[in-house]
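Architecture at a glance
Spelled out from the first residue to the last, the chains are:
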Amino acid sequence: MNQKINIIGICPETLLFQSIYVPLISFQNEEQKKAAEDYITGEAKKFFDILLPDQEVKPLAYPMLITELDFQKIDMRYFYENLFYDLERKPDGKLEAKIKWGITFDEKCAPINLGYLSPKYDGYEPKIKYTSSDGRPYRRYGTIDINGKPVFYYIYFTLQEILDEIKQLPNS
């Protein structure tokens with residue numbers, strides 16, 4: 001049973017991941033990579049169209065993501081270089097951070113379930129749906145907040161949903 005089965009690889013040091021808890025996902029070719037990234041960015045757009053319509057959000061590069069375990073160890077410089085580098089001063093003098101987002105496969109980074117409440121809701125016995133018409137759960141997410149206001153959103157994805165997207169390619 002000591003034979004190598006090559007299921008799991010090790011991330012090359014040249015990629016400089018900020019966290020040792022963020023996995024590297026790779027595919028066989030550029031077409032698969034593009035399909036996965038297009039799916040992720042499309043789903044992120046849908047998510048923010050629901051949660052923050054008309055708000056500009058920027059993705060954070062995947063290797064720059066951290067998990068809850070990293071918060072205890074990471075230098076404060078990380079937050080300034082990745083989340084607060086583009087602070088803007090509003091007319092009232094307050095600083096405003098641009099909202100960033102990244103994906104996560106870690107459920108602990110995404111403890112909040114996005115639900116759907118019908119626009120016809122009358123205020124009595126809410127019937128919140130947590131799955132869409134195709135049976136998939138609405139997106140899970142988590143945030144990094146400053147003074148109670150989110151400055152970063154973790155958007156939860158499963159490997160299965162990404163694989164489902166890849167399998168729809170003509171040559172897969």
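Refer to the structure presented above.
Residues numbered from 1 in each chain as written. Predicted model: local features only at pLDDT ≥ 70, side-chain atom pairs only at ≥ 80, totals over all residues. Heavy atoms only, no water.

Looking at the overall build of the protein
Our working rule: For helices the rule is a DSSP run of H or I covering at least 4 residues; for strands it is a run of E covering at least 2, with both sets numbered from the N terminus onward. In this scheme, a residue with accessible area under 20% of its type's maximum is buried, one over 50% is exposed, and one in between is partly exposed, where area comes from a 1.4 Å probe on protein chains only. The contact rule is simple, with two residues in contact once any of their heavy atoms fall within 4.5 Å. Accessible surface area values rest on a Shrake-Rupley calculation with a 1.4 Å probe, where residue burial reflects the displayed protein chains alone.
When its secondary structure is counted, the protein shows 3 helices and 7 strands. Put simply, the protein has 172 residues, and 30% of those count as buried. A sequence separation of at least 24 residues applies to 65% of the contacts in the protein between residues at least 6 apart. When the accessible area of the protein is evaluated, it comes to approximately 12,500 Å², of which 54% is carbon and sulfur surface.

Let's talk about the pattern of salt bridges
What counts here: In the sections that follow, a salt bridge refers to a side-chain nitrogen of Lys or Arg positioned within 4 Å of a carboxyl oxygen of Asp or Glu.
What the rule picks out here adds up to 11 salt bridges. The shortest N-O distance in the salt bridge between K33 and E37 comes to 3.0 Å. Remark: E37 and K33 occur in helix 1 (residues 30-51); sequence separation between them is 4 residues, near one turn of the helix. Exposure remark for K33: the relative accessible area of 35% places this residue in the partly exposed category. Here E37 falls in the partly exposed class, since its relative accessible area comes to 40%.

Observations regarding the side chain of D86
So the rule is basically this: Nitrogen and oxygen atoms within 3.5 Å of one another constitute a polar contact, given that in protein one can donate a hydrogen and the other can accept it, and given that sequence-neighbouring residues count only through two side-chain atoms.
Relative to the helices and strands, D86 is located in the loop between helix 2 (77-82) and strand 2 (88-89). A polar contact of 3.3 Å, which involves the side chain of D86, links it to the side chain of K58. Here the side chain of D86 touches K100 through a polar contact of 2.9 Å, side chain to side chain. For D86, the contacting residues outside a window of four places in its chain are K58, E96, K98 and K100.

Quick word on the nonpolar core
Test applied: Here, the term nonpolar core denotes a set of buried Ala, Val, Leu, Ile, Met, Phe, Trp, Tyr and Cys residues that are joined through side-chain atoms within 4.5 Å.
Residues I40, F47, F48, W101, Y153, I155 and F157 are the most contacted members of the largest nonpolar core, which totals 19 residues. When residues of this core are traced back to their parent elements, those giving at least two are helix 1, strand 4 (99-104), strand 7 (149-156) and helix 3 (159-166). At 7 residues, helix 1 tops the list of elements feeding residues into this core. When near neighbours in sequence (up to four residues on either side) are disregarded, F47 contacts L114, R139, Y141, Y153 and I155. Core analysis: the next-biggest nonpolar cluster, separate from the first, contains 16 residues, L65, Y78, F84 and I144 among them.

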